[in-house]
Amino acid sequence: MSVVSYSESGWDTQDDRWDDWEDDEMNTPMKCLFCTHTFQSPIVLFRHVKQLHGFDFPKTRANLKLDFYQSMRVVNYIRTMGISDPNFGHVSGFVIDGSEAFINDDQFLKPAIEDDALLYALDELDLDDTASVASSRSRAGSLARSHALESNLAAAMAGETAKERELMARIRTLEHQLGLRDREVSYVTEQFDEYRQMVKRQFYDTIDDGNAEDPSGSSGATEAGSRGGDYYFNSYAGNEIHMQMLQDRVRTEGYRDFIYDNADVFRGKVVLDVGCGTGILSMFAAKAGAARVIAVDNSDIIEKARANVIENGLDDVITLVRGKIEELELPVARVDIIVSEWMGYFLLFEAMLDSVLVARDRFLAPGGLLAPSASFVYLTAISDPVYMRDQVNYWDDVYGFRMSAMKPQGPVLEADVDVVSANAVAATRALIAHIDHGNALPADLDFCSDFVIEATRNAPLHALLGYFDVAFSRLQSAPSPSSSQLAAPVYVSDSAVDSKPSPQSLWARPESSMHGFTTGPQGTPTHWKQTVFVLHEPIDAKIGDQVRGKFVCRKSTANPRELDLEISYCHVPASMKGNADISSLAMKHQKYQLR
């Protein structure tokens, strides 16, 4: 007869160890989501979070049916908030309802704190579910071990005593628990292998493969666009970027003056503010007499906008709605006016105009107005040795050393965003894009335009320079200045004394209440600055020489909120500018990206 040997005290010690094993399996303590307390068990940790901080993570996870990755995003988002805001740890009653953008934002797959043991332990919260998806290898190993043990136990049972029967029952229980542990470890390992690969794809592979084409077609671009969109909304959640925009007086006062000077247009109307930010444009509209203003934003900033509206006693007029304008439903069927500050660098960077056009098609009543009503992109040329020395050729002489490896390499250059002096402008301007916001289609926002600019002085042309203007009209049926004004080589001031254009005098048509502002070098600098396209080689231009070419602007395939730009051009001496055929002249090609 086989006998199972045991020691009373030895068994009790092992039993105690087993009871403690679940709490001790993680050697690294898990930090609370909100405070500095640490725990060995996620169950104990989340019980603490619920009792002390008012956030029931397991219940929220179950009610919202959050998957493994969404749960990780929630944890990393809360940790990120705690890092960026020390007062966040004192929060009480943190709640999410499933509509928050960060739940599906892949930037929150990256751990907010290094070696976060809590991420590894998330699946202890639903062990029963994980057991059903365990790998077949672990299941087979556990069953084999169980069957072998059963055989040994069966042989031992022939002469078992009552104590032995008790021990055999305990062994079976322990074997079952060990099998569950095997399956859990396997599942968590598989989940984290997949998680690490996703993080690698999200945060590292895209850097290396950013220029690679997706062999499967457009789906990769769609996914990249989604990620870019989520990042875009999160980038507007903080205060600093809004302070920068509000302090841009050309921008903010341009909107304010149009709204206040045309209060009769806004009085009694329903206004939609797309991308409301702090709510400043919505409050302008409310002060001008709008009957109702609906302010929409998909960034966390909308919560501060809500507080701003309440603080200024305008919550009876302004309704704030969080979400993407492409997806949400408004509390009204139609609006009379859409106001939005959607412009990015070189006008179209960030691609927010697309969203405004969607809002127009979904919600704007027939005959309704968009503010601004039209926009224009211009191209000119600059001669600026100081800019070239400080920004482009800096690496040629760094304290007496050459550092050519630091200079931009490759066929695609980064377009530079900078403030350029009006004194650097050395050519006329060419209108390369004219967008009527009432009629434009999203496809129109990728454009290709021929251009001709003419040198206004003898100087080397170091770069082409892009900038934009916007117009505000009382009627969308007449959205912009006249063709002659758009084609004018320079702006004309209303004042014979003051030659500097202002938002009110920009179009030289004060009687029409046509407002607008420029981001060009001849105007007051704005936060949009200008966009500089440095040429590989300067053009040795004389007065009257032309630069003719083609300008292509399109959304980036890697991230549609970014821009890919191409310029083909040739230098046409003044003696040849009357010739239609310039095929004998060398055509140069340059590519740029605006990131």
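Residues numbered from 1 in each chain as written. Predicted model: local features only at pLDDT ≥ 70, side-chain atom pairs only at ≥ 80, totals over all residues. Heavy atoms only, no water.

Looking at an unreviewed UniProt entry, the protein carries the name type I protein arginine methyltransferase, with the source organism given as Coemansia asiatica.

Colleague: Explain the overall build of the protein to me, please; I cannot follow it from the model alone.
Modeller: Each helix and strand counted, the protein has 17 helices and 18 strands in total. With 595 residues in all, the protein has 47% of them scored as buried. Considering only contacts in the protein between residues 6 or more positions apart, those separated by 24 or more positions represent 75%. Accessible area for the protein stands at about 29,400 Å²; split by element, carbon and sulfur atoms hold 52% of it. (Helix = DSSP H or I, 4+ residues; strand = E, 2+ residues; numbered from the N terminus. Buried < 20%, exposed > 50% of the residue type's maximum accessible area, 1.4 Å probe, protein only. Contact = heavy atoms within 4.5 Å. Areas by Shrake-Rupley, 256 points an atom, 1.4 Å probe, with all protein chains shown as cover.)

Colleague: Help me understand helix 4 (residues 68-84), please; the structure alone is not making it clear to me.
Modeller: Owing to its 3.6 residues per turn, the α-helix aligns residues three or four sequence positions apart on the same side. Compared with an ideal rise of 1.5 Å per residue, which puts 17 residues at 24 Å, helix 4 spans 25 Å between its outermost C-alpha atoms and is within 8% of the ideal. Among the 17 residues that make up helix 4, 12 are buried, leaving the element largely enclosed by the rest of the structure. Turning to helix 4, its buried residues number three or more, namely Phe68, Tyr69, Gln70, Ser71, Met72, Arg73, Val74, Val75, Asn76, Tyr77, Ile78 and Arg79. At the N-terminal boundary of helix 4, the capping side chain belongs to Asp67, with an oxygen 3.1 Å from the backbone nitrogen of Tyr69. (Expected span 1.5 Å × (residues − 1). Polar contact = N/O pair within 3.5 Å; in protein donor to acceptor, adjacent residues only side chain to side chain.)

Colleague: Please explain the pairing of strand 13 (residues 459-472) as it appears in this structure.
Modeller: For a regular strand, the rule is simple: side chains alternate between the two faces of the sheet. Taken across its 14 residues, strand 13 has 13 buried, putting it largely inside the fold. Pairing of strand 13 with strand 15 (residues 530-541), which is carried by 7 bridges, proceeds in the antiparallel orientation. Each bridged residue has a counterpart across the sheet, and for Leu465 the counterpart in strand 15 is Val532. In this structure, strand 13 lies alongside strand 14 (residues 515-518), joined through 4 bridges in antiparallel fashion. What sits directly across from Asp469, in strand 14, is Thr518. (Pairing = 2+ DSSP bridges.)

Colleague: Sorry if this is basic, but what is going on with helix 11 (residues 249-261) here?
Modeller: Those residues of helix 11 that sit buried are Val250, Arg251, Thr252, Gly254, Tyr255, Asp257, Phe258 and Ile259. With a side-chain oxygen lying 3.3 Å from the backbone nitrogen of Val250, the N-terminal cap of helix 11 falls on Asp248.

Colleague: I tried to follow the sheet that holds strand 17 (residues 563-572) on my own but got confused; where do I start?
Modeller: By definition, the strands of a sheet pair up through backbone hydrogen bonds, in either a parallel or an antiparallel sense. Overall, mixed pairing links the 5 strands, which are arranged 9-18-17-16-12 in an open sheet. The sheet is open, and its two edges are formed by strand 9 (412-414) and strand 12 (447-454), each paired on a single side. Along the sheet, successive strands turn relative to each other by an average axial angle of 25°, direction set aside. (Axes fitted to C-alpha atoms, helices over the stretch in contact; angles between N-to-C directions.)

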